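Structural characterization, general
Below, each chain spelled out in residue letters.
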Amino acid sequence: MRLRAPGVWSIGVLLTLGLVGAAPPKAPAAPATCESVPPGKNQYRLAVGYAPSRGNTPIQRNVALAAARASAERQLSDQLCAVLPAEACARYRGYIQPWQPPGVYDPDTRQACATAVVDAWLLQPDALRREAEAAMSQLADGLGASLGKEGVQLGSLQRSDGCAVPELDPARMWVRSRLAAANVPVYGADAPADIPTLDLLATVAAGTVTLGATVHHADGRETGVDPVRFSAAAYAVPEASVCAAGLAGRQSPGVKLEIDTRGGALCDGQPFEPRLTVDVPSRVHVYSVAPDGSAWHVWPEPDGTGIVASTVSLGTSYATAPIVPGDELLVAIVMPAQAPFTALDGVSGFCRLAGPLTPARLPAGARVAPASWHIDTRPGACGPPVAGQPTVAELAAAFAAAPVCR
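The shown structure was predicted, so the numbers you read here are calculated from the model rather than taken from an experiment.

Moving on, we come to the confidence of the model for the protein chain. Predicted coordinates in areas of low pLDDT are best not read in detail. On average, residues of the protein chain score 81 in pLDDT, and 87% of them reach the 70 mark or higher. Counted against residues more than four places away or in other chains, residues 1–29, with its pLDDT under 50, gives 96 contacts.

Structure representation (structure tokens):
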């Protein structure tokens with residue numbers, strides 16, 4: 001769950017392969033410091049990249065952060081290619097991913113740093129994983145043939161019910177790598193406005209993952225390829241998910257709520273920054289919703305208007321264990337700025353909504369932007385929790401004491 005305190009949001013490394021390679025580049029004098037939660041011991045290799053900036057404008061800052069991320073990923077790529085055959089190097093390079101993006105920027109020294117990781121077990125496939133990778137290659141190759149040289153923006157992979165499925169993030173990375181190998185430009189959040197977007201959707205039933213892909217073009221067209229199937233055991237994908245599914249899968253066009261995660265997973269104590277984007281000036285209220293529909297208003301802060309014109313940060317957040325099992329879900333309810341006020345308007349600060357938040361309770365004309373994730377509890381996936389994090393009991397007491405929204 002989420003709890004706002006002054007200045008803080010609270011929400012419920014070496015490979016075993018013995019990889020060796022070029023030493024990481026020497027850090028500049030007085031560099032920015034990447035304060036990341038270390039991944040689990042002996043589960044990951046982590047690299048830090050640095051890059052200078054020519055100035056402190058937002059564009060220059062973002063360019064430096066992108067260069068730092070590219071440097072970190074290049075280091076890990078070099079290390080993989082130093083010990084793996086060329087074909088395997090190209091294939092598994094796609095499993096390299098940013099760690100707690102976008103990184104850290106120091107305006108005083110004009111230095112950026114960012115981290116990247118590669119997960120050890122993904123580099124050691126068994127028979128089920130090889131079958132899954134063959135199926136995902138078929139999906140990606142079909143997409144590549146339909147896209148040609150047209151670029152695509154690749155988002156996260158979701159379950160068909162909208163809940164987070166971090167276990168399948170390797171599938172997203174595999175598709176990205178396969179498309180890039182076919183010379184299809186693959187973009188992240190920095191994609192140009194007219195670039196098509198690629199959504200990956202997974203249905204899990206009877207021990208089988210059915211993975212589908214849809215490309216949404218700027219002119220409104222949608223194209224896709226035949227879905228593929230593989231064993232859920234290949235990535236230990238659970239059969240069931242626990243989240244407020246009626247809201248989690250209710251994404252409206254023109255609005256977006258983003259959280260940088262590893263496929264929907266965060267480590268206990270990991271910092272992150274939710275970002276909300278709207279296409280027209282809008283009046284926005286953000287709620288944290290438990291799997292049973294219980295909801296708490298978390299944004300705007302006290303005395304805030306909730307008016308958003310483009311992109312706004314909801315502040316730095318820190319992940320903690322939830323007070324109830326299941327996914328954390330943020331839901332932004334977006335109304336036109338000039339629309340009449342509704343029963344959900346006029347609220348600011350942290351308070352408890354009387355009764356559950358369900359789709360039927362949404363105001364007429366409202367658009368919805370959900371973001372779902374959960375704490376990664378896989379053995380070795382994260383380091384120890386950060387000292388000083390609130391306990392589940394402390395979080396439960398704080399949420400129970402929240403006033404009813406009026």
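Once that is clear, we can look at the sheet that holds strand 7 (residues 186–187). Here 5 strands make up an open sheet; going across it, the order is 7-6-8-9-10 and the pairing mixed. Of all the strands in the sheet, just strand 7 and strand 10 (222–231) have a single pairing partner and so form its edges. Note that strand 9 (residues 208–216) and strand 10 share 8 bridges and pair antiparallel. Considered in strand 10, the bridge of T208 is made with S231.

Further remarks concern the sheet that holds strand 18 (residues 311–313). Taken together, the 3 strands give an open sheet; going across it, the order is 11-14-18, and neighbouring strands pair in antiparallel fashion. This sheet does not close on itself; its edge strands, each paired only once, are strand 11 (255–258) and strand 18. Put simply, the sheet's adjacent strands are angled 15° from each other on average, direction ignored. Pairing of strand 11 with strand 14 (residues 275–278), which is carried by 4 bridges, proceeds in the antiparallel orientation. The partner of K256 across the bridge, within strand 14, is T277.

Definitions and limits used
Residues numbered from 1 in each chain as written. Predicted model: local features only at pLDDT ≥ 70, side-chain atom pairs only at ≥ 80, totals over all residues. Heavy atoms only, no water. pLDDT = per-residue confidence, 0-100. Contact = heavy atoms within 4.5 Å. Pairing = 2+ DSSP bridges. Helix = DSSP H or I, 4+ residues; strand = E, 2+ residues; numbered from the N terminus. Axes fitted to C-alpha atoms, helices over the stretch in contact; angles between N-to-C directions.

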